[in-house]
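# A look at the structure
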Amino acid sequence: MEMAELLKLENNLTDMGTNELYTYATEKYPEVLNMGLGKKKLVVRRILNHERNKMNEE
């Protein structure tokens with residue numbers, strides 16, 4: 001994933017409603033417990049950090 005894709009992902013996540021975001025987080029990242037729990041900003045930040053970490057490992 002590149003930086004442009006991360007920005008697009010951030011915009012998409014921000015546009016989602018809370019229920020939609022929770023569903024996205026729990027389905028896309030089942031290996032990460034509590035990914036979809038918390039305030040919307042926190043969930044978005046958690047997802048973006050997870051994607052950045054995966055990008056840095058590659």
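Residues numbered from 1 in each chain as written. Predicted model: local features only at pLDDT ≥ 70, side-chain atom pairs only at ≥ 80, totals over all residues. Heavy atoms only, no water.

If the charged atoms of two oppositely charged side chains come close together, the side chains can form a pair. Summed over all chains, the structure comprises two salt bridges. The shortest N-O distance in the salt bridge between Glu10 and Arg45 comes to 3.8 Å. Remark: Arg45 occurs in helix H3 (residues 40-57) and Glu10 occurs in helix H1 (residues 3-15); sequence separation between them is 35 residues. Residue Glu10 is classed as partly exposed on the basis of its relative accessible area of 26%. A salt bridge links Glu51 to Lys54; its shortest N-O distance comes to 3.6 Å. Placement of the pair is Glu51 and Lys54 together in helix H3, with a separation of three residues, close to one helical turn. (Salt bridge = Lys/Arg side-chain N within 4 Å of Asp/Glu carboxyl O. Helix = DSSP H or I, 4+ residues; strand = E, 2+ residues; numbered from the N terminus. Buried < 20%, exposed > 50% of the residue type's maximum accessible area, 1.4 Å probe, protein only.)

Another point: unusual backbone geometry. One non-glycine residue with positive phi stands out, namely Asn34, at about 65°. By relative accessible area, Asn34 is classed as exposed at 51%.

Under the defined criterion, the tally for this structure stands at one aromatic pair. Arranged with centres 6.4 Å apart and planes meeting at 75°, the rings of Tyr24 and Tyr29 form a pair that is edge-to-face. Overall, Tyr24 belongs to the partly exposed group, its relative accessible area being 24%. Its relative accessible area of 2% is what places Tyr29 among the buried residues. (Phe/Tyr/Trp six-rings, centres within 6.5 Å; stacked < 30°, edge-to-face > 60°.)

Turning to the packing of H1 against H3, a few remarks are in order. For any two helices packed against each other, one specifies the crossing angle of their axes together with the interaxial distance. Relative orientation of the contacting elements H1 and H3 amounts to 160°, with a least axis distance of 10 Å. Overall, the two elements H1 and H3 adopt an arrangement that is roughly antiparallel. Handedness of the H1/H3 crossing: right-handed. Two secondary-structure elements touch here, H1 through Met3, Leu6, Leu9, Glu10, Leu13 and Thr14 and H3 through Lys40, Val44, Arg45, Ile47, Leu48, Glu51, Arg52 and Met55. Tallied by class, residues from the contact of H1 with H3 come to eight nonpolar, one polar and five charged. (Axes fitted to C-alpha atoms, helices over the stretch in contact; angles between N-to-C directions. Parallel < 35°, antiparallel > 145°, perpendicular 65-115°, else oblique. Left-handed = near helix turned anticlockwise from the far one by under 90°. Contact = heavy atoms within 4.5 Å. Nonpolar A, V, L, I, M, F, W, Y, C, P; charged D, E, K, R; others polar.)

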